[in-house]
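Chains, contacts and geometry: an overview
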Amino acid sequence: MSGESRPRKVLAIGLPVDAEEAAGPPALDSQDLDPLAAAPRHAAEVARALARFGYAPHGEPDRDAPAERVLDPSDEIRTAITTADNDAVLIVHLVAHGRLAPTGERTLHVVGRDGRNVDDPVAAWISLIESHPDKPRPLTLFILDLCHSGTAAELPWHQQMPTGKRRAWVIAASAAQDQAWNYRLSRATAAVLHAYSDGVLRADASLRYIPLATVGREITRLVAEYSREEKFFQQPEGSRIPFFDTLDHLPFFPNPHYPPRARAGVLAEVEQDLAPLVDEAFDPLHFMNRGAGGEALDAGIGHGYFRGRRTEAALLSQWFNGDGPPFAAVTGKPGVGKSALLGVLICAAHPELHDITRQLWLPLPHRPAVHDKLAVVHARRRTLEEVADSLARQLGASAADRPSAGWDAEGLARLAGTDTRRPATLALDALDEAERPEDVVRALLLPLAQEASRVDTMRLLIGTRPEPFAEPLLDLARTAGVLVDLNAADRADLHADLQAYVRDLLASAGPYQLRENAAAAKALALGIADRLAGDTGERRSLEQAPLEWGEFLVAGLYLRHVLTLPVESDPARARELGRAAPRDLTALLRLDLARPGERTWMRPVLAALAHAEGLGMPERVLAHTAGAFAPSQLPAGEPMAPDQVRQALDQARFYLRHDVDVDGTTLYRLFHEGLAERLRADPYGPAAAFPPPRTPKGPPHQEGRDAW
């Protein structure tokens, strides 16, 4: 799975009740017990599911007393616990009757094959692990398919232990006073584990382990489905922890998709380097990807393709180094390159990004020096509070330092310090994509800009579209600061820069990097620049209206389409191919949707993701949401199938960015807000032929309703 050498063992025991095993008269309360004849089979199925995660059976395969013949499992469980090393991982799965002792501590006992309570309470096995920190003990997960098993999940003394010091964890079939029915926990556990192994369920590829809490939630969801179908309520329980703790460190379930294949090479190495520094709202990968300039061809960050903007890059490099007024703003239309310009400069200036992104900023003729007091925020879908808190954390504030009313401009200025020779620099990109950006401007950024002009120990840089809410900031930058308006670029410079950008992308991969196609590559780049920036040679297009979207964005997207076509080796025809580039995102998306292959679900998925909030939308939600944008393809209320969702996500992968939710699932969103706006305005697109609606699935097979 994950390639680790940690030993993993599973002890799965199913205990049916057999009156013939009783030594003497049967217990009075064993008369009405269901025999649980299928208990060994369900235990074996969970063991098979765990084998796919690298778990081997505890003990010898040819032992004389196989699990289904064990009268009392206590000795075997104790042996499994006491003979393992500290680095071992053990899962103990029990399928049996559970009974609360009627006297004494009234705690949970497993019922043996003879219908009597076994000598050891379940709590004794947990204590055997937790009460001996000086002895070797495995990290152990108890999966207890027993009535009343929630008792073991809520032991008072166990809840008082710090989360990080616990070595025993419990997933219980039912609450302390409730029954467990029809092997539901075992069935759900096996189904969920097989679903992760088969790729039906997925944790993000960046995670080494599937979070235990996530597995528990999936099991609980499936048990709830069984309860609805089988009419007897059952609610699994789990070990209790403080609400602010997480269990992401627990290695019970290695992630089948780790190490991340999709992020192999340079980016995977970089993500390891970023792990200690990443503040969530900083989002360094945003600045690295945009600064690299190769997103159009999914080129990653191994090489830098940022081209042009020499005047603007020089001006902002000097500003980063302390020259000029303390407030600066970068503005321009969607996709014009605001984030690319800020990204490549921040990569050069940030002390944690400087070395690992050298290939991105080294080609710049002018670049800023490393800045050891630089706080950076990617404001997309961030609230005012999240932006301010992130800046404060990056300036060294702790949670205890946070004022009750939150951080304001004065508080951040205090965190910046008093050394005018080393002012703190605050940089914020994508202000226009923040939650309620007018609040961020009015309550934080405008006061910060004014405070920066007053104290000389803080500098502020923002990137935003020229929207009405940003006008106060842009006016201030225009009159008393530095304003970089990328819409005002010289058309001749833009034409030359576009040619260089396209030529470099063509030289990076594909058939146009070959010697025999070199002239065609040059002509193709010239044609694209002619179409998007105006034909400076023939002067025929200089008067055409500028693009509504950024020329570099459109050029990259069109080039991606061109590389799916047969190679055009003739320079004259290659230039005409370049001049056929669409001048808006809608037409570009239409080209992509028309590419060969089955793309039925791509537009509904993109339309659904246009409405994603926060960090994005998980696959399960996406399956339901996308169905609303494909009413002719699905019966009302039925979600897309997982394979359809994943096929569409793979086809649309260039248009997407992803993050990892707190439960380890992957969240998807569109890579550019401009595309999201267009898809929200036109979610359905032109009519297309749709496949017939899928027939809803029939009810699942139901087993009997045994209780234990």
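Since the model is a prediction, treat every value here as computed from it, not as a measurement.

Moving on to unusual backbone geometry. The backbone phi angle of K231 is positive, close to 75°, even though this residue is not glycine. Structurally, K231 is set in the loop between α7 (212-230) and β9 (237-238). Judged by its relative accessible area of 63%, K231 is exposed.

Strand order across the open sheet formed by 3 strands is β4-β5-β6, with antiparallel pairing between neighbours. The open sheet terminates on both sides in strands that have one partner only, identified here as β4 (98-100) and β6 (117-121). Strand-to-strand, the axes of this sheet are offset by a mean angle of 40°, without reference to chain direction. Summarising the sheet, strand β5 (residues 108-111) and β6 pair through 2 bridges and their orientation is antiparallel. Across the sheet, the residue bridging to H109 is P121, located in β6. Across the face of the sheet, helix α3 (residues 122-130) comes into contact with β5 and β6 while running at roughly 30° to β6.

We now examine the side chain of S317. Along the chain, the position of S317 falls in helix α10 (residues 310-320). Separated by 3.4 Å, the side chain of S317 and the backbone oxygen of H366 make a polar contact. Residues within four places of S317 in sequence aside, it is in contact with L345, H366, R367 and P368.

A low pLDDT means the predicted coordinates there should not be read in detail. Confidence in the prediction for the protein averages 84 pLDDT; 86% of positions are at 70 or higher. Here residues 260-278 is modelled with pLDDT under 50, and outside its nearest four sequence neighbours on either side it reaches 26 contacts, counting other chains as well. Contacts of residues 687-708 to residues separated by more than four positions or lying in other chains number 58 contacts, the stretch itself having pLDDT below 50.

To continue, consider the pattern of salt bridges. Side chains bearing opposite charge may pair, as long as their charged atoms lie close to each other. Inspection of the entire model under this criterion finds 32 salt bridges. Residue D372 pairs with R422 through a salt bridge whose shortest N-O separation is 2.8 Å. Highlighted residues: D372 in the loop between α12 (358-361) and β11 (374-378) and R422 in the loop between α14 (409-416) and β12 (424-429), separated in sequence by 50 residues. Residue D372 is classed as exposed on the basis of its relative accessible area of 54%. The class of R422 is partly exposed, set by a relative accessible area of 38%. We note a salt bridge from R402 to E385, for which the minimum N-O separation is 2.6 Å. In this pair, R402 is assigned in the loop between α13 (384-394) and α14 and E385 in helix α13, connecting sequence segments 17 residues apart. Each of E218, R221, E225 and R620 takes part in salt bridges that share partners, so that together they form one network.

This next bit is on the packing of aromatic side chains. The description of an aromatic ring pair rests on the distance of the ring centres and on the angle between the ring planes. Evaluated as defined, the whole model comprises 5 aromatic pairs. Sitting above the plane of the Y226 ring, R187 keeps its charged end 4.1 Å from the centroid. Above the ring of W319, the side-chain terminus of R459 is found at 4.6 Å from the ring centroid.

So, on to helix α2 (residues 74-82). Within α2, the full set of buried residues consists of S74, E76, I77, A80 and I81. Along α2, the residues classed as buried sweep out an arc of 165° about the axis, all on the same side. Check the buried side of α2 and you find it contacts β1 (8-14), β3 (89-95), β6, α3 and β7 (139-145).

It is worth spelling out the pairing of strand β14 (residues 482-485) at this point. Residues of β14 alternate between two faces, with V482 and V484 buried on one and L483 and D485 left unburied on the opposite face. Bridge count for strand β10 (residues 327-331) against β14 is 4 bridges, and the pairing is parallel. The residue of β14 that forms the bridge with T331 is D485.

This part is about the packing of helix α15 (residues 437-455) against helix α16 (residues 471-480). Interaxial distance between α15 and α16 falls to 10 Å at its minimum, and their mutual angle equals 10°. The pairing of α15 with α16 is recorded here as roughly parallel in orientation. Touching V441, L445, L446 and A449 of α15 are P472, L473 and L476, all from α16. When the residues that make up the contact of α15 with α16 are grouped by side-chain class, the tally is 7 nonpolar, no polar and no charged.

Taking strand neighbours across the sheet as the criterion, the 6 strands line up as β2-β1-β3-β7-β8-β9 in an open arrangement whose pairing is mixed. Of all the strands in the sheet, the pair left with one neighbour each is β2 (56-57) and β9. Both β7 and strand β8 (residues 168-172) contribute to a ladder of 5 bridges, which runs parallel. By the bridge assignment for β8, T140 is matched with A168. In the packing of α3 onto the sheet, contacts are made with β3, β7 and β8, and the angle to β7 comes to roughly 170°. Against the sheet, helix α6 (residues 184-198) touches β3, β7 and β8, its axis set at about 130° to β7.

Turning to helix α21 (residues 585-593), its buried residues are L585, T586, A587, L588, L589 and D592. Structurally, α21 contributes buried residues whose contacts are with α19 (551-562), α22 (602-609) and α25 (673-681).

Right, let's talk about the environment of N487 for a bit. Relative to the elements of secondary structure, N487 occurs in the loop between β14 and α17 (491-508). Taking the C-alpha atoms as reference, N487 lies 9.8 Å from G337; in sequence the two are 150 residues apart. With near-sequence residues (within four places) excluded, N487 lies in contact with T331, G332, K333 and V336. Within polar-contact distance, the side chain of N487 engages the backbone nitrogen of K333 at 2.9 Å.

Bringing the nonpolar core into the picture now. With 62 residues, the main nonpolar core has L524, L606, L609, L622, Y655 and L670 as its most contacted residues. It is helix α18 (residues 518-533) that provides the largest number of residues to this core, a total of 9 residues. With near-sequence residues (within four places) excluded, Y655 lies in contact with L557, R560, L588, L589, D592, M602, L606, R669, L670, F671 and L675. By size, the runner-up hydrophobic cluster in this structure holds 43 residues, among which are A173, A188, A190 and L193.

Conventions and cut-offs
- Throughout, residues of each chain are indexed from 1 in the direction in which the sequence is written.
- In keeping with the predicted nature of the model, local features appear solely for residues at pLDDT of at least 70, side-chain atom pairs appear and are counted solely at 80 or more, and the whole-chain, interface and lining totals rest on all residues.
- Side-chain numbers here rest on the full set of heavy atoms in the structure, without hydrogens or water.
- By the criteria applied, helices consist of DSSP H or I runs no shorter than four residues and strands consist of E runs no shorter than two, each listed in order from the N terminus.
- For every residue, the accessible area obtained with a 1.4 Å probe (protein chains only) is divided by the maximum for its type, and the residue is called buried under 20%, exposed over 50%, and partly exposed between those limits.
- Two strands pair if DSSP finds at least two bridges between them.
- The angle between two axes is taken between their N-to-C directions and runs from 0 to 180 degrees, where each axis is a line fitted to C-alpha atoms and a helix contributes only its stretch in contact.
- Working rule for contacts: check all heavy atoms of both residues, and any pair within 4.5 Å makes them a contact.
- Whenever a nitrogen or oxygen atom comes within 3.5 Å of another N or O atom, the pair is scored as a polar contact, on the condition that within protein one atom can donate a hydrogen and the other can accept it, and that pairs from neighbouring residues in sequence are kept only if both atoms are in side chains.
- Confidence of the predictor at the level of single residues is captured by pLDDT, which takes values from 0 to 100.
- Any carboxyl oxygen of Asp or Glu within 4 Å of a side-chain nitrogen of Lys or Arg constitutes a salt bridge here.
- Pairing of aromatic side chains requires ring centres within 6.5 Å, counting the rings of Phe and Tyr and the six-membered ring of Trp. Pairs whose planes differ by under 30 degrees are stacked, by over 60 edge-to-face, and all others tilted.
- Lysine NZ or arginine CZ positioned within 6 Å of the ring centre and within 35 degrees of the ring normal marks a charge as sitting over the ring.
- Relevant arc is that of directions from the helix axis to the C-beta atoms, nothing else.
- Oblique is the label for any angle not under 35 degrees, not over 145, and not in the 65 to 115 range, which are roughly parallel, roughly antiparallel and roughly perpendicular in turn.
- Only Asp, Glu, Lys and Arg are considered charged in this grouping, and only Ala, Val, Leu, Ile, Met, Phe, Trp, Tyr, Cys and Pro are considered nonpolar; every other residue, Gly among them, is considered polar.
- In this text, buried Ala, Val, Leu, Ile, Met, Phe, Trp, Tyr and Cys residues form a nonpolar core when linked through side-chain atoms within 4.5 Å.

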